Each structure stands twice: as structure tokens, then as C-alpha cells.
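# Examination of the molecular architecture
What follows is the residue order along each chain.
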Amino acid sequence: MVCTIIFGHGVDFSIFMTSALQKEYTTGKDEMPTYRTSILLAVITTVLAIGALIFAKHPALKSIASVSLVGVIAALVITFIFYPILFRFFIANRPQKGKSPLTLWLTIQSVLFFIYFGLGGILFSVTLRLLMIILPISKTNKYKLFGNGMALFMKSVLYIKPTVIKKVINPYHEDFSKQSIIIANHTSFLDTLAIGMCTPYIVFLVNDWVYKSPIFGKAVKMAGFYPVSSGVEDNVDVIKERIGKDFSLMIFPEGTRSLNNNVTRFHKGAFYLSEKLQLDILPIYIHGNSEIIPKGDFNVYDGHIFSVIGERIAWNDESYGKTYSERTKKISRKFKEDFQNIRNQYEDENYFKQKLFLSFLYKENEIITEVKKDFKQNKNVYHKLNEAFTINEKILHYGNDYGQIDFLLVMQQAARQLFSFVKNEEKREIASTNYITKTRNLKYIHNLNVIDDIKTLLISTTIDDEDQELIQFFEKIVVLKNRKIDVTFLTSFTKQIETDGYVVYTK
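Thresholds, definitions, all that
- Residues numbered from 1 in each chain as written.
- Predicted model: local features only at pLDDT ≥ 70, side-chain atom pairs only at ≥ 80, totals over all residues.
- Heavy atoms only, no water.
- Helix = DSSP H or I, 4+ residues; strand = E, 2+ residues; numbered from the N terminus.
- Buried < 20%, exposed > 50% of the residue type's maximum accessible area, 1.4 Å probe, protein only.
- Contact = heavy atoms within 4.5 Å.
- Areas by Shrake-Rupley, 256 points an atom, 1.4 Å probe, with all protein chains shown as cover.
- Arc of directions from axis to C-beta.
- Core = buried A, V, L, I, M, F, W, Y, C linked by side-chain atoms within 4.5 Å.
- Pairing = 2+ DSSP bridges.
- Axes fitted to C-alpha atoms, helices over the stretch in contact; angles between N-to-C directions.
- Parallel < 35°, antiparallel > 145°, perpendicular 65-115°, else oblique.
- Left-handed = near helix turned anticlockwise from the far one by under 90°.
- Nonpolar A, V, L, I, M, F, W, Y, C, P; charged D, E, K, R; others polar.
- Right-handed = clockwise from strand over helix to strand, strands pointing away.
- pLDDT = per-residue confidence, 0-100.
- Patch = residues over 30% accessible without salt bridge, like charges linked within 9 Å, V, L, I, M, F, W, Y side chains within 5 Å.
- Salt bridge = Lys/Arg side-chain N within 4 Å of Asp/Glu carboxyl O.
- Lys, Arg positive; Asp, Glu negative; His and termini not counted.
- Charge placed at Lys NZ, Arg CZ, Asp CG, Glu CD.

Time to look at the overall build of the protein chain. Helix and strand counts for the protein chain come out as 16 helices and 14 strands. If one aligns the C-alpha atoms of the protein chain with their principal axes, the spans along those axes are about 95 × 75 × 35 Å. Across the 507 residues in the protein chain, those meeting the buried criterion constitute 51%. Restricting to contacts in the protein chain with at least 6 residues of sequence separation, those with at least 24 account for 69%. Accessible surface, the protein chain as shown: approximately 25300 Å² in total, 58% of it carbon and sulfur.

Moving on, we come to helix H9 (residues 236-243). Burial in H9 covers these residues: Val236, Ile239, Arg242 and Ile243. Viewed end-on, H9 has its buried residues packed into an arc of 130°, placing them on one side of the element. In H9, the exposed positions angled more than 90 degrees off the buried face are occupied by Asp237, Lys240 and Glu241. If you follow the buried residues of H9, they end up packed against helix H5 (139-158), strand S3 (202-206), strand S4 (226-227), strand S5 (248-251) and helix H10 (269-277). Gly244 lies just past H9 and shows a positive phi near 55°.

Considering the arrangement of structural elements, one finds Thr26 in helix H1 (residues 2-27). Overall, the relative accessible area of 1% leaves Thr26 in the buried class. Once you skip the residues sitting within four places of it in the chain, Thr26 turns out to touch Lys363, Glu364, Ile367, Glu429, Ile430 and Thr433.

A few words on the nonpolar core. In this structure, Ile181, Ile183, Leu249, Leu273 and Ile284 are the most contacted members of the largest nonpolar core, which totals 66 residues. Of all the elements, H5 adds the most residues to this core, at seven residues. With sequence-adjacent residues up to four places away left out, Ile181 is seen in contact with Leu249, Ile251, Ala270, Leu273, Ser274, Leu279, Asp280, Ile281 and Leu282. Listed in part, the 35 residues of the second largest apolar core include Ile368, Ala388, Ile436 and Val504.

The next thing to look at is the sheet that holds strand S1 (residues 164-169). Strand order in the open sheet formed by seven strands is S1-S7-S6-S2-S5-S3-S4, and the pairing between neighbours is mixed. Where the open sheet ends on each side, the last strands, each with one partner, are S1 and S4. Relative to S4, S3 runs parallel, the two being bridged by two bridges. Paired with Leu205 across the strands is Tyr226, a residue of S4. Its contacts with the sheet put helix H12 (residues 324-346) on S1, strand S2 (180-184), strand S6 (280-287) and strand S7 (303-309), and the angle it makes with S6 is roughly 35°.

Our focus in this paragraph is the packing of helix H4 (residues 104-134) against H5. One can describe the packing of H4 onto H5 by two numbers: an axis separation of 10 Å at closest approach and a directional angle of 165°. Considering their axes alone, H4 and H5 lie roughly antiparallel with respect to each other. With respect to the hand of their crossing, H4 and H5 are arranged in right-handed fashion. Residue-level inspection shows Phe113, Tyr116, Phe117, Gly120, Gly121, Phe124, Ser125, Leu128, Arg129, Leu131, Met132 and Ile133 of H4 in contact with H5, the latter providing Lys142, Tyr143, Leu145, Phe146, Gly149, Met150, Phe153, Ser156 and Val157. For the contact of H4 with H5, the class distribution of residues is 14 nonpolar, five polar and two charged.

Right, let's get into the packing of helix H14 (residues 365-385) against helix H15 (residues 404-412). Contact geometry of H14 with H15 gives a least axis separation of 10 Å together with a crossing angle of 40°. As far as their axial angle goes, H15 and H14 are oblique. In this structure, H14 meets H15 at a crossing whose hand is right-handed. Between H14 and H15, the residues in contact are Val371, Asp374, Phe375, Tyr382, His383 and Leu385 and Gln404, Ile405, Leu408, Leu409 and Gln412, respectively. Class assignment of the residues belonging to the contact of H14 with H15 gives a composition of seven nonpolar, three polar and one charged.

Quick look at unusual backbone geometry now. Positive phi, close to 60°, is recorded for Phe176, a residue that is not glycine. With respect to the helices, strands and loops of the structure, Phe176 is situated in the loop between S1 and S2. Given the relative accessible area of 12%, Phe176 is considered buried.

Successive side chains on a regular strand alternate, one facing one side of the sheet and the next facing the other. A large share of strand S9 (residues 417-422) lies buried, amounting to five of its six residues. With six bridges joining them, strand S8 (residues 394-399) and S9 adopt parallel strand pairing. When the sheet's bridge partners are listed, Lys394 is paired in S9 with Gln417. Each parallel crossover has a hand, and for S8 linked through H15 to S9 it is right-handed.

This part covers the confidence of the model for the protein chain. Close inspection of predicted coordinates is inappropriate for parts of the model with low pLDDT. On average, residues of the protein chain score 87 in pLDDT, and 91% of them are at 70 or above. Of all the helices and strands in the protein chain, helix H8 (residues 217-222) carries the lowest mean pLDDT, 62, while S6 carries the highest, 97.

The next subject is a positive patch on the surface. A contiguous patch of positive charge, built from Arg265, Lys268, Lys329, Lys330, Arg333 and Lys336, is present on the exposed surface. For Arg265, the position within the fold is in the loop between S5 and H10. Given the relative accessible area of 58%, Arg265 is considered exposed.

As C-alpha cells, this is what we get:
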């Protein structure tokens, strides 16, 4: 009976501590002292009621008291020390580092994915290396054998997770029979695998860490991959010899993975080699990898990986410039425009659904329920709202939700700067704990004194009378239509655009 009581105390203490940690995780407020005090009072009561029997003369009573004291102290230590450590390690720490919370199922899938990738990669590379040593074929055919084998492995890695849709889209019917310099955007280590689905006959230019890696180093050397951290200018002849007449060259012109789905500045190396080797530029646009495994994360989310093969650009096409420096700028500009068009085509209203819901994971149930209900009712409006703003617009949002609109706006365009004022203080605190505030230009403000240099206002709830005077500072106002917002005070503004979901007013 005593053990049952002590076990019940331990369960109750854990429930109290879970409630405290969940409130802190949800709102950012530290309410642990209050809950710790309640637990301590329960411990003191138990010790006084049962632990006092330790002074009894009868051995049975002493035994009961000893069990209760040891059990209560153990429950107290576990609840006060170990339980918070586990909660923060598995749940709270990731959002604080700008990473999405995880479900157990996602974690299991990710572990299985990387086990297959690691062990399978070693097995495939060792097998292929042995075949390259043993088989009496030419060096070029050995490279082809290795390329075909690794392409098969790369494809198998991507298909190990069935909740990720894989597709190669080839609108210009590219067959890779003619050598080229392939360029692609770079957001994830999966990008190499996505390129491998397109063609096996590729020589990758890689960073030194890959070339010297104890896991991948031997394989990439045998495959003929080439390190370019020191530049390509002095290695043109070596690269030309390696690609021969059958292989194309693969370069990520950004040089490193970007932290979001924006294409960053191109370096000149790929276009220098295109000029020197007289090889066409072949763009491949990789869409989805930035959401599947973002840079700095090692969890595999759901989504899709589309490798869209673009139109070849002849190495001597002067419409992109006469020098490789000019071609770098113009091709970079075209690549970014084309990639944005691809994003517009394939990112529908459900594209960021999993990311949004995960950002509220482990918060209180009523919050999660409200966010999911709001998204279901308004997802089409929120998706089209992206069209009301430019990709790098600076916006003030006057709202009263849990931050779901802000989340979607900055996920759609990472270069946007968004200042959000949530009328309800508790909702504002909940929204401000979202992990997206660590990785995007999103800031939750407590007053409206920061609007001096912001010219665009988004209104998703009724503006209080005392706040209506701020309207004069803006040049563009976007109002959601399904919120029954009174806009009679916009007397100095003219309606410019009206859609099913929102209206745009300008001065």
C-alpha cells in the first residue's frame, strides 16, 4: 500500500512538472517556482504523515517509513532534476536553436534513413571499389561503372522514405548525351542525391572536407571527384582530363548550402570553366530539399524532391554576356527568376502544412486545435496572400492569432522582414516562442513605436480606435476579407486590388 501511494506521488509530481514545462514551452514564461512549491508541500506532508514512523520501535513501522522516505526523495530528485533535463533535451531545446520540434515517428524514420545511408554508402563504395580494381576494363569504363553504381545507391537512399515524393521533370527532353557544366541550387546534402537521379555520368567538384572525409574520401577519390576549395583556375587541365568526352561537370555555384529556400550569390568558377572548356551550362533546379533536410538539421521531414532540368545555355551565347563575369551575373539572375517560378508552381496551400503544425507541437491542446481549424478554413487565403507582397517587403502585421499567418509569410519568402503586433498579450507570447523567429526576419513587438520606416501594413483583425491613427504612416494596406474588419477609417486610401481573400489599398 505504501509503495502504491509513493508511486502515485511520483506520477502526480511528473504531471505537475509536465504542466509547468509545457506552459514555459508554450508562452516562454517560467512558472516552475509555483509548481515546485506545490510539489515540495506535498513532499513535506508525506514526510510528516508517514516518514515520522521512522522513530517507531516496531520494525514493520520503521520499514514503512523507510520505504516512504526513500520513495518520496527519489520521486523528488527525478521530478526536479532528471525530468526537466529530458523534456528540454527532447522537446524544448530544438525550437530554441531554430529547429522544428519532432514527433517520435519522424525521429525513427530519420534514424533508419541515416543508418541506411551510412552503412549502405560504405557497402556500395567498398563493393564498387573492389570491382574497379578487379575488372580488366578501361579507366573510363571503371568511372562509368562507379557512376552507375553510386547513382543507383543515391536513388535508393531517396526512396527509403516513402513519404517523400521523388520526381525528375524534364520539359526540354535533355538526354545528357552532350557534355555540359551542370549547375544547381544548394540547400541540403540531399542535393547531390537529387542530381544523381538525373544522370550517372557526372564529376562533382566538392569541398575539401568531402574529399578528405574518412567515410566518403576514398569513394569520391576513386570516383574521380575533384576538390576545388582552393579554386579552379590552376586545375583546368586536370579537370578536362578527368571528364574526358563522356562525363559532365557538376558544380553548386553558391559554394555552400543556403539556410533557406532562397538562391544566394553565384561564384564565378562554373562559368570560368564553361568558357575555358567550351561546355554548355545546364541548370537543374532542385525544389523541396530545403524543407526535407534543412541545413543544420538531421531529421528527414515529409514533402517532395523535384529535380527540374532547365534549358541548356550555349557556352558562347553572347546574350548572357561576353565574359564569364558577365555570364555569372546574368545567368544567376535568370536562375533565380526561374526557380521562383518553379516555387510558385509547386508550392500549394498545403506545402508548409507539416512545418506549421510541427511548430505548435507539444503546446497546449486548445492552441493546436485552434491553429489547425484556422488553417483548414483559411489555407487558400493564406497561400494567395503571398502574392500581395514582394519577396523582400518590410511589413507590419496587426493581428490577433497565434502567429500562423506570420509563419507562412516568412516561410514563403525568407527575405521578408515582418514585425507582428498581436493584440492579445497571451497569444503574442505564444507566437513569440515559435522556432521560426530564430531563422527568419520575424519579430513580435509589444507596441507600435517601430513603424517609422515600415510602409506596408497587413490587417487581419479589427484595429482598436486608439491605434487607428497609425494608418497615416503607411503607403500600402492589405486587409483580410473574411475577418469582418471595418475599413471605413481608410478614407485617404484607394482600393487597388481585390481578391477572394484580401483587399489591397494604396494612397
